[in-house]
Amino acid sequence: MPLSKLNKEQYTAATAPAGHSLVIASAGTGKTSTIVARIAHLLNLGTSPDKILLLTFTNKAASEMIERLNRFFDKKITQNITAGTFHAVSYMLLKKLGINITLKQPSELKTLLKSLIDRRKFHHLSDLKPYGGAYLYDVYSLYQNSAVNENFYEYFCARNEEQAIYAEIYEDVLKEFEEQKSQFGYADFNDLLIKMREALKGGADVKFDEILIDEYQDTNTLQGSLIDAFSTKSLFCVGDFDQSIYAFNGANIEIIGSFKDRFKDARIYALNVNYRSSGQILALANKVIANNPRLYPKNLIVSREGKFKNPTLLVYNELFDQYANIADIISLSPFNRENIAIIFRNNSSADGLEVALRERGIASKRKGGVSFFESREIKAMIDLLGIYVNPKDIMAFIHVCEYAKGVGAAMSKEIFDALLKLGHGDIIKGLLSPDESVNIKGVKRQNYQLGLFDDFDDFSEVTRFKTLGFSQNFLAHPILKKEKLSENGALFLYEIYNLMANLKHINRPSQMVDEIKNSKIFSLIVDNLATKRATLKSGNVDISLKNEATERIERKALMLVNMSKNYSDTHKFYNFLTLGSNEMSEGEGISLLSVHASKGLEFSQVFVVDLAQNRFPNLKLMSMGGSLEEERRLFYVAVTRAKDELYLSYAKFDKLKKVNYQPSCFLVEAGMAKVGDF
């Protein structure tokens, strides 16, 4: 059984009595084994599996823990344990409660918000450039994650003093944004938690005997409020305050720091035996992190025996010399390429490293690269299918129209709203058989303070489109009377019309996807993407590059067609495409990882690069609300990914930026460099 393989500290924590337990699990001390053993202990005590909730920060982590339990318990038991991320669990529970929502990715909702903010006027208040829709979405998301009991206006003004002049407009735009999401039944990841919390506070019948939480140090205020709303009598939280590195995303270290004060029956356990890193690596990490305030006592012990190389500092005269030499070292490394990682604080570091590795024929995989499903061509195909499958999907429509010349997000929304009216709530009907008796003129909204200066829609004769080769049915379409609709926009809309008309006669997903792949509308999108990817800095288009880009796009499209052949139901296939996991498979080779992406991973040989003062720690991010303590925790996470060998490096000079660098203060704290070393 899982408990028989635990050390004394792990066993004591895993068998803790019901109540509020916090396990401080430092890097490499076996937190996953302890959580799995805790669940096994609960099951052995007779706890019903459907009364156990496991919350993790990746679905992969939850799956791995359940898989471990499957070695000791029948799958009929373990499959009844509710396990997954905060968002995945909330989505599942809301479904069970009969609360149906359409989950949308942030990128999609940013487009919707952009369509709303683009209609506002700001210049009457100030010449200061206002936030765009994407950035405002991020600001709003951070607010939702970190300010449960504070209204947006006050929160925004306190943190964005220069932009406060627009705060009232932003607040009104976000109110309209929420109304639009409600109208179409959309929800983003934050909404899942908010709706789940509201359901629980409203008396929803969702009870668990114990809730287990992994990576507790990374919980944000919103997640913390959701945990509180479950009102369970037994919490088992596992985390490490020294690995709290998500403050930029709203993570609140005070949640783990105040545990013993918030719960009168709190029990604090510590896992002190490190099974991952060599003694030399662990000593370096501990020496640096000791400069941060200690929230709970620690006394780490090294379990690995044998001789290991001391951490090595590599100092270079120039930035790109650093990247080239590290690539050379890797080319001679005795370790398997899959067991080597280069960890960076800034994305610009990864670009230079990727080039250096490629020049030496060394394969690499970069965490955060664009996955198959996130590539623009595949998203376009999914959106074209989405328009047909869900005729109320405004986001799919706006995304497709992004490829039409002269049609922005605001105009796309106007067209969508008009088609929705013409089809009485169904955009396909609005396209193919519009009710011409419906008035599609917009409602006039004017408010000087909120930037609303809409005029009534201007209408024009459709004769201006007679030479474009439209069918008689489409030429009579009321949407063509909109004066703002350009020829390019009309042509683009006509090809959407033709595709939707053709899809009406097809049932199988593979035939639908093939129809989309071969449609004129998709060929226009392909040409748009291939042209952009082949455009040189001079502005000229390299025809050979464009042909190569087109071929790659067509290969991806064919892959989607082949994938769809495994499905007989179009709705099930579409749900798979839109609700699939974001945790991408990244291929083979050296791992190029940001510090955040490296969390939870381990490698035999690790290079932590660009450890120059102001680069790591990152001065720019510190000035934007970060802290030296968080940067130090990032350093701790980076170096504790290493099992056998650790290389730390920095360059004294960047010839492109013409900037000189001193060694990072963390190298000084580690005793590997001195202040003023140059």
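Residues numbered from 1 in each chain as written. Predicted model: local features only at pLDDT ≥ 70, side-chain atom pairs only at ≥ 80, totals over all residues. Heavy atoms only, no water.

Colleague: It is not clear to me how the sheet that holds strand β3 (residues 82–85) should be interpreted in this structure. Could you clarify?
Modeller: For sheets, the rule is that strands pair by backbone hydrogen bonds, running either parallel or antiparallel. Taken in spatial order, the six strands make up an open sheet running β3-β2-β6-β7-β1-β8, and their pairing is parallel. Edge positions in the sheet fall to β3 and β8 (267–271), since each has one partner strand and no second. Across the sheet, the mean angle separating the axes of adjacent strands is 15 degrees when strand polarity is ignored. For strand β1 (residues 20–25) and strand β7 (residues 235–239), the ladder comprises five bridges, and the chain directions are parallel. Bridge pairing in β7 places histidine 20 opposite leucine 235. Sheet strands touched by helix α2 (residues 31–44): β1, β2 (52–56), β6 (210–213), β7 and β8. Its angle to β6, the strand with the most contacts, is close to 170 degrees. Of the strands in this sheet, β2, β3 and β6 touch helix α5 (residues 86–96), which is tilted by about 130 degrees from β3. (Pairing = 2+ DSSP bridges. Helix = DSSP H or I, 4+ residues; strand = E, 2+ residues; numbered from the N terminus. Axes fitted to C-alpha atoms, helices over the stretch in contact; angles between N-to-C directions. Contact = heavy atoms within 4.5 Å.)

Colleague: Can you help me understand the packing of aromatic side chains in this one?
Modeller: Two aromatic rings are characterised by how far apart their centres lie and by the angle between their planes. Summed over the entire model, instances satisfying the criterion amount to 33 aromatic pairs. Look at phenylalanine 184 and phenylalanine 416: their rings are 5.8 Å apart centre to centre, the planes differ by 75 degrees, and that puts the pair in the edge-to-face class. Taken together, the residues span a long stretch of sequence, with phenylalanine 184 in helix α9 (residues 167–184) and phenylalanine 416 in helix α19 (residues 409–422) at a distance of 232 residues. Take phenylalanine 184 and phenylalanine 416: they sit in the same class, and that class is buried. An aromatic cluster is built from Phe122, Tyr131, Tyr135, Tyr140, Tyr143, Phe152, Tyr155, Phe156, Tyr166 and Tyr170, whose rings are joined through pairwise contacts. (Phe/Tyr/Trp six-rings, centres within 6.5 Å; stacked < 30°, edge-to-face > 60°. Buried < 20%, exposed > 50% of the residue type's maximum accessible area, 1.4 Å probe, protein only.)

Colleague: So what exactly am I meant to see when it comes to helix α29 (residues 628–639) here?
Modeller: Counting along an α-helix, one turn takes 3.6 residues, and residues three or four places apart therefore face a common direction. Here α29 contains twelve residues, and its C-alpha end-to-end distance of 17 Å stays within 8% of the 16 Å for a straight helix at 1.5 Å per residue. A large share of α29 lies buried, amounting to ten of its twelve residues. Every buried residue belonging to α29 is among Glu630, Glu631, Arg632, Arg633, Leu634, Phe635, Tyr636, Val637, Ala638 and Val639, and all of these are buried. (Expected span 1.5 Å × (residues − 1).)

Colleague: Honestly, the UniProt feature "domain: UvrD-like helicase ATP-binding" (unreviewed entry) in the chain in this entry has me stumped. Any pointers?
Modeller: Using the residue numbers shown here, the UniProt feature "domain: UvrD-like helicase ATP-binding" (unreviewed entry) corresponds to residues 4–278. Between the first and last C-alpha atoms of residues 4–278 the distance is 25 Å; the span itself is 48% helix and 13% strand. (UniProt positions renumbered as here; feature names shortened; annotations may be inferred.)

Colleague: Would you take a moment to explain the nonpolar core for this structure?
Modeller: Soluble globular proteins tend to bury their nonpolar side chains together. If you look at the biggest cluster of nonpolar residues, it comprises 89 residues, and the most contacted ones within it are Phe152, Tyr170, Phe177, Phe397, Leu419, Leu480 and Ile496. The element that contributes the greatest number of residues to this core is helix α22 (residues 487–503), accounting for nine residues. Among all residues touching phenylalanine 152, those that are not within four sequence positions of it are Leu136, Val139, Tyr140, Tyr143, Tyr170, Glu171 and Leu174. If you look at the next biggest cluster of nonpolar residues, it comprises 37 residues, including Leu22, Ile227, Leu235 and Phe259. (Core = buried A, V, L, I, M, F, W, Y, C linked by side-chain atoms within 4.5 Å.)

Colleague: What am I meant to see in the pattern of salt bridges here?
Modeller: Opposite charge on two side chains permits them to pair, given that their charged atoms come into close proximity. Per the counting criterion, the structure on display carries 29 salt bridges. The shortest N-O distance in the salt bridge between lysine 114 and aspartate 118 comes to 2.9 Å. The exposure class of lysine 114 is partly exposed, given its relative accessible area of 38%. Here aspartate 118 falls in the partly exposed class, since its relative accessible area comes to 39%. (Salt bridge = Lys/Arg side-chain N within 4 Å of Asp/Glu carboxyl O.)

Colleague: Can you walk me through the sheet that holds strand β18 (residues 642–651) in this structure?
Modeller: Ordered in space as β11-β18-β17-β12-β16-β13, the six strands form an open sheet in which the pairing is parallel. Looking at strand neighbours, the two that pair on one side only are β11 (312–316) and β13 (364–366), the edges of this open sheet. Neighbour-to-neighbour, the strand axes of the sheet open up by a mean angle of 20 degrees, direction not taken into account. Bridge count for strand β12 (residues 340–344) against strand β16 (residues 590–594) is four bridges, and the pairing is parallel. In the sheet register, isoleucine 343 faces β16, and the bridge partner there is leucine 593. Sheet contacts for α29: β12, β17 (603–608) and β18; angle to β18, the most-contacted strand, approximately 130 degrees.

Colleague: What am I meant to see in the packing of helix α18 (residues 394–401) against α22 here?
Modeller: Axis angle and axis distance: for two packed helices, these are the angle between their axes and the distance between the axes, and together they describe the pair. One can describe the packing of α18 onto α22 by two numbers: an axis separation of 11 Å at closest approach and a directional angle of 130 degrees. Accordingly, the angle class assigned to the pair α18 and α22 is oblique. Crossing angle aside, the handedness with which α18 passes α22 is right-handed. Two secondary-structure elements touch here, α18 through Phe397, Val400 and Cys401 and α22 through Phe492, Leu493 and Ile496. For the contact of α18 with α22, the per-class residue count stands at six nonpolar, no polar and no charged. (Parallel < 35°, antiparallel > 145°, perpendicular 65-115°, else oblique. Left-handed = near helix turned anticlockwise from the far one by under 90°. Nonpolar A, V, L, I, M, F, W, Y, C, P; charged D, E, K, R; others polar.)

Colleague: Just checking my understanding: could you explain unusual backbone geometry for this structure?
Modeller: Note: most peptide bonds trans; most residues except glycine with negative phi. In the segment running from phenylalanine 616 into proline 617, the intervening peptide bond is cis, with an omega of 15 degrees. Within the element layout of this structure, proline 617 appears in the loop between β17 and α28 (619–623). For aspartate 610, which is not a glycine, the phi torsion comes out positive at approximately 55 degrees. Position of aspartate 610 relative to the elements: it lies in the loop between β17 and α28. Accessibility expressed as a relative area gives 2% for aspartate 610, which makes it buried. The backbone of asparagine 614 shows a phi angle near 85 degrees, a positive value even though the residue is not glycine. Checked against the element boundaries, asparagine 614 lands in the loop between β17 and α28.

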